[in-house]
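A closer look at the structure
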Amino acid sequence: MIQRKEFDQNLEDLRQLLRQMGEHVEHALTESIDALQALDSAKAKAIVARDVELNQMEEQVMEIGSRLIVTQQPVAKDLRRIIVAFKISSDLERMGDLAIDIAKVTTRLEGQKLIKPLIDIPKMSELVILMVRESLQSYLDENTDLAYKMAKDDDEVDHLYSQMIHELYAFMIANPESLQQAMLLTLVGRYIERIADHATNIGESAVYLVTGHRPDLNQ
Amino acid sequence: MDNLIRIQKLNLYYDRFHALKDVSLDIPEKAITAFIGPSGCGKSTLLRTLNRMNDMIPGTRIEGSVQIAGTDIYGDDVEVEALRKRVGMVFQQPNPFPKSIYDNVAYGPRLHGMKNKAALDEIVERSLRQAVLWDEVKDFLKRSALSLSGGQQQRLCIARAIAVQPEILLMDEATSALDPISTLKIEELVQQLKDSYTIVMVTHNMHQAARISGRTVFFLNGEIVEADDTQKLFSTPQDPRTEDYISGRFG
């Protein structure tokens, strides 16, 4: 069936777009943490400038998906593929925005020195980058086991986040002059933690794609 | 919801061709059930067993049972005429009689012995209203039914079918010969009728089944592959063959 062939090709286009968006987010997050550690505001600005690409890819996903719904009237798994593409692209777009929020912290710290060496933030971000990669992989390979495994890492991220908050609160009380930077660093922790939540959402979408049921991986 | 029709271990042969294989199915009362599947899958054959239309095809042999409200319609004491009064049918091509609009609708009640003019008038009006045709034809009831458009003719056939107040309405691809607007009107009409009648429809248009039916049954090679709530069957089919068919991978 010729029509079906074109339809399948378009579904594959969606899949590839999401793969690219995932790579973009992973790269933006890695770079934003590197920029923060080095307080490299030039690098941070470059990340902000590239966000437009991610938004364009999200728009493409919306465009292809809407067109397929209108012209192909998809059902069952075909329909889920499109619903999931919408959901994942919007999660990835938000993750990209959060990576930019991290980069903007670096630009606001321009000219300052770090009040303390970063320990929990790099640990958290390393774990979250793995979550981003695995969540996307669980979608691309339709691997629900990987989605569940990935979601477990979110607990560790939450744990690191709360540990980091407590440390920074103590640090702020002991060093009131560092309040502004310490506040910004807690925000960075919050942004990373939010990215992990979006990765969990992607894992949920992967499970929904395969099974037709949406689990709550946040529990 | 109670089941009005119960089909058990039904096997149907056209001479040596085994057209229905061990079909068991419950059909709920006052709801729309859609039969879907590729050509030759047995869906129309099963529909026609419900009012014994297959009896007319020589060489047809049936095993198993079809019960309507607890009575086996293939039982020895069943009168086919009485059965067809309970189970009306609408066909793919509109087939009004070459008579007036009025006489088409009054045909069934007259056949069953009704002669009272006022009562017939009332039945004609009620049936045409139920078939959402009344407003379009009320001033031309003496006009030939053949002067109506295809969509109007099909609604007239529905009015004719419901004039004898059947319990069940069978529709065999009743919209496949109609334009999209007429199709939409029939679909709306069918949805209204389900409050009063049990409707079983065969359709080649899967999206029609998805739009209007409550339950969908998927047939393949004379067997039921899957029967489920329509929304479930079209969103999360349990059998990969159903998924392939509704997704347009074969058929």
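Reading the values: rules and limits
Residues numbered from 1 in each chain as written. Chains lettered and ligands numbered in written order. Predicted model: local features only at pLDDT ≥ 70, side-chain atom pairs only at ≥ 80, totals over all residues. Heavy atoms only, no water. 1 Å grid on protein atoms, 1.4 Å probe; cavity = no way out; pocket = protein on both sides within 12 Å on 5 of 7 lines; lining within 4 Å. Points joined across faces, edges and corners; volume = space filled by probe spheres on them. Helix = DSSP H or I, 4+ residues; strand = E, 2+ residues; numbered from the N terminus. Nonpolar A, V, L, I, M, F, W, Y, C, P; charged D, E, K, R; others polar. Contact = heavy atoms within 4.5 Å. Buried area = accessible area lost by both parts, 1.4 Å probe. Salt bridge = Lys/Arg side-chain N within 4 Å of Asp/Glu carboxyl O. Polar contact = N/O pair within 3.5 Å; in protein donor to acceptor, adjacent residues only side chain to side chain. Axes fitted to C-alpha atoms, helices over the stretch in contact; angles between N-to-C directions. Parallel < 35°, antiparallel > 145°, perpendicular 65-115°, else oblique. Left-handed = near helix turned anticlockwise from the far one by under 90°. Core = buried A, V, L, I, M, F, W, Y, C linked by side-chain atoms within 4.5 Å. Buried < 20%, exposed > 50% of the residue type's maximum accessible area, 1.4 Å probe, protein only. Phe/Tyr/Trp six-rings, centres within 6.5 Å; stacked < 30°, edge-to-face > 60°. Lys NZ or Arg CZ within 6 Å of the ring centre and 35° of its normal. Pairing = 2+ DSSP bridges.

With respect to the layout of surface pockets
All names here are of chain B. Counted as a void, the largest pocket has a volume near 590 Å³. Taken together, 21 residues make up the lining of the largest pocket; nearest its centre are R84, G88, M89, Y107 and L111. Sorting the residues of the lining of the largest pocket by element identifies α2 (80-86), β6 (87-90), α3 (101-111) and α6 (150-162) as the ones contributing at least two each. Top element by residues in the lining of the largest pocket is β6. It accounts for four residues. By residue class, the composition of the lining of the largest pocket is 12 nonpolar, five polar and four charged.

Examining the interface of chain A and chain B
Counting residues at the interface gives 11 residues for chain A and 10 residues for chain B. When chain A packs against chain B, the two sides together hide about 890 Å² of surface, and 50% of this comes from carbon and sulfur. By the criterion of area lost to chain B, the three top residues of chain A are A:R4, A:V75 and A:A76, representing 48% of everything that side buries. Linking chain A with chain B are one salt bridge, by the criterion used here. A salt bridge links A:D78 to B:R249; the nearest nitrogen and oxygen atoms lie 3.5 Å apart. For the pair chain A and chain B, the interface holds seven residue pairs in polar contact (both at pLDDT 80 or more). Class assignment for the residues of the side of chain A that touches chain B results in three nonpolar, three polar and five charged.

Brief notes about the packing of helix α5 (residues 120-140) of chain A against helix α7 (residues 179-211) of chain A
Residue and element names in this part refer to chain A. With their axes 9 Å apart at the nearest point, α5 and α7 run at an angle of 20 degrees to one another. Of the possible angle classes, the one that applies to α5 and α7 is roughly parallel. Remark: the crossing between α5 and α7 carries left-handed chirality. Tallied by class, the residues present in the contact of α5 with α7 amount to 16 nonpolar, six polar and one charged.

Section: the environment of A:Q16
Residue placement: A:Q16 occurs in helix α1 (residues 2-38). Side chain to side chain, A:Q16 and A:E12 meet in a polar contact 2.7 Å long.

Things to note about the nonpolar core
Counting residues in each nonpolar core, the largest one holds 57 residues, and the members touching the most others are A:L92, A:I121 and A:Y139. If you tally residues by element for this core, the top one is α7(A), at 13 residues. By size, the runner-up hydrophobic cluster in this structure holds 48 residues, among which are B:A159, B:L220, B:L233 and B:I246.

A look at the packing of aromatic side chains
A ring pair, where both rings are aromatic, is described by two values, the distance of the centres and the angle of the planes. Residue and element names in this part refer to chain B. With the rule as written, the count across this model stands at three aromatic pairs over all chains. An angle of 55 degrees between the planes, with centres 4.7 Å apart, marks the rings of F97 and Y107 as tilted. Residue F97 is found in the loop between β6 and α3, and its partner Y107 is found in helix α3; the two are separated by 10 residues along the sequence. Residue placement shows K142 over the ring face of Y102; its charged tip is 4.5 Å from the ring centre.

Description of the sheet that holds β6(B)
Residues and elements named next belong to chain B. Read from one edge of the open sheet, six strands run β6-β7-β8-β3-β9-β10, paired in mixed fashion. Each edge of the open sheet is held by one strand with a lone partner, namely β6 and β10 (223-229). Between one strand axis and the next, the sheet turns through 20 degrees on average, direction left out of account. Against the sheet, α6 touches β6 and β7 (168-172), its axis set at about 170 degrees to β6. Where helix α7 (residues 180-193) meets the sheet, its contacts fall on β3 (32-36), β7 and β8 (198-202), and the angle it forms with β7 comes to roughly 160 degrees.

What about the side chain of A:H198?
Take A:H198: it is sitting in helix α7. Every residue in contact with A:H198, bar those within four places of it in the chain, is listed here: A:D91, A:R94, A:M95 and A:L98.

Re the side chain of A:T106
Residues and elements named next belong to chain A. Looking at where T106 falls in the secondary structure, it is placed in helix α4 (residues 76-108). For T106, a relative accessible area of 1% translates into the label buried. If near-sequence neighbours (up to four positions away) are discounted, T106 is found in contact with S32, A35, L36, L39, D40, S41 and A44.

What to know about empty space enclosed by the protein
Remark: the empty space left among the atoms is shown by a probe the size of a water molecule rolled over them. For the structure on display, the rule yields two cavities of 30 Å³ or more. Looking at the largest cavity, its volume works out to about 90 Å³. Lining the largest cavity are A:K116, A:L118, A:I119, A:D120, A:I121, A:M164, A:E167, A:L168 and A:L185. By residue number, the principal contributor to the lining of the largest cavity is helix α6 (residues 144-174) of chain A, which donates three residues. Across the lining of the largest cavity, the residue classes break down as six nonpolar, no polar and three charged. Here the second largest cavity defines a volume of roughly 70 Å³. If you trace the second largest cavity, you find it lined by B:M171, B:E173, B:A174, B:T175, B:I186, B:E187, B:V190, B:M201, B:V202, B:Q208 and B:I212. Looking at the lining of the second largest cavity, the elements that each hand over two or more residues are α7, β8 and α8 (206-212) of chain B. With three residues, the top contributor of residues to the lining of the second largest cavity is α7(B).

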